[in-house]
Amino acid sequence: MSAVFVAGMALCLVKPIYRHDSDVVTGWDFALPIVGAVAALLSGRAVYVRHRAQARREQSFGESLRDQLNRSIAQLDYQATTLHRTLMLVVVLLGAICPTALNLALSRLNEKSISDDGYMIVWLSLMPVYGVALGIWSLRQQRRDVVLPRKRRLEALLKEFDGQ
């Protein structure tokens, strides 16, 4: 998805470069595609770094039952903290900043301002923000209702296993 946004932003950057001599081109015509491309690249990088860190963490555990319980607790702990923050960053970048930048850049390519389209362009620009808010709320609910109770159960099981 990051690559698609970067390609879209590159296409939105090509036209202002070719009509640079025109007095219609503003700094926003260059800034919007660059901001969108940077946001897409940052989200792709965040996903890659998260994946590599998870692979390194998995290598440190053994094959015993205690190690498997510790691995599961570590995975749930990671999911409850770092993974949610990373996913929230990706949701904000790919769900709000990139579509908004693409939408505004495409309206500028058509040589229209936000006021020319009335409230439709504003509504289309704000829709991803609502989606991001819903995504963040869903991640927090999942953490509270699913991840943390599982972690508590595994910790109790590990404590019981250590007590025997």
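Going along each chain's sequence as written, the residues are numbered from 1 onward. Residue-level local features of this predicted model are given only where pLDDT is at least 70; pairs of side-chain atoms are given and counted only at 80 or more, and the full residue set underlies all totals for whole chains, interfaces and linings. Each side-chain value is derived from all of the structure's non-hydrogen atoms; neither hydrogens nor water enter the calculation.

### Digging into the confidence of the model for the chain
- Scored between 0 and 100, pLDDT is the confidence that the predictor attaches to each residue. Averaged over the chain, the pLDDT score is 76; the fraction of residues at 70 or greater is 84%.
- The weakest mean pLDDT in the chain belongs to helix α3 (residues 65-109) at 76; the strongest belongs to helix α2 (residues 27-58) at 82. The helix count covers DSSP runs of H or I at least four residues long, the strand count covers runs of E at least two residues long, and both are numbered beginning at the N terminus.

### Here we look at the packing of helix α1 (residues 2-18) against α2
- Think of each axis as a best-fit line through the C-alpha atoms, taken over the contacting stretch in the case of a helix, with angles from 0 to 180 degrees between the N-to-C directions. Contact pair α1 / α2: the axes reach a minimum separation of 8 Å and the direction vectors enclose 165°. By the criterion of interaxial angle, the relationship of α1 to α2 is roughly antiparallel. Helix-helix and strand crossings are classified by hand; for α1 and α2 the assignment is left-handed. Note on element contacts: α2 touches α1 through D29, F30, L32, P33, I34, G36, A37, A40, L41, S43 and G44, opposite S2, F5, V6, M9, C12, L13, P16 and I17.
- Polar here means any residue outside two lists: the nonpolar Ala, Val, Leu, Ile, Met, Phe, Trp, Tyr, Cys and Pro, and the charged Asp, Glu, Lys and Arg; Gly therefore counts as polar. The residue makeup of the contact of α1 with α2, split by class, is 14 nonpolar, four polar and one charged. Any angle from 65 to 115 degrees is called roughly perpendicular, while one under 35 is roughly parallel, one over 145 is roughly antiparallel, and all others are oblique. Throughout, a crossing is termed right-handed when the near helix is turned clockwise from the far one, and left-handed when it is turned anticlockwise from it by less than a right angle. The contact definition used throughout considers only heavy atoms, calling two residues in contact when any of these lie within 4.5 Å.

### With respect to the pattern of salt bridges
- Criterion for a salt bridge: a side-chain nitrogen of Lys or Arg within 4 Å of a carboxyl oxygen of Asp or Glu. Under the counting rule described, the total for this entry stands at two salt bridges.
- D145 is the salt-bridge partner of R144, the closest N and O atoms lying 2.9 Å from each other.
- Salt-bridge contacts for E155 lead to K151; the nearest nitrogen and oxygen are separated by 3.9 Å. Here the residue E155 and the residue K151 both occupy positions in helix α4 (residues 120-163), the gap between them amounting to four residues, near one helical turn.
- Three exposure classes are used, based on accessible area relative to the maximum for each residue type with a 1.4 Å probe and protein chains only: buried under 20%, partly exposed in between, and exposed over 50%. K151 gets classed as buried once you look at its relative accessible area, which sits at 17%.

### Let's talk about the environment of S2
- Mapped onto the fold, S2 is located in helix α1.
- For S2, a relative accessible area of 17% corresponds to the buried category.
- If near-sequence neighbours (up to four positions away) are discounted, S2 is found in contact with A40, S43, G44 and L94.

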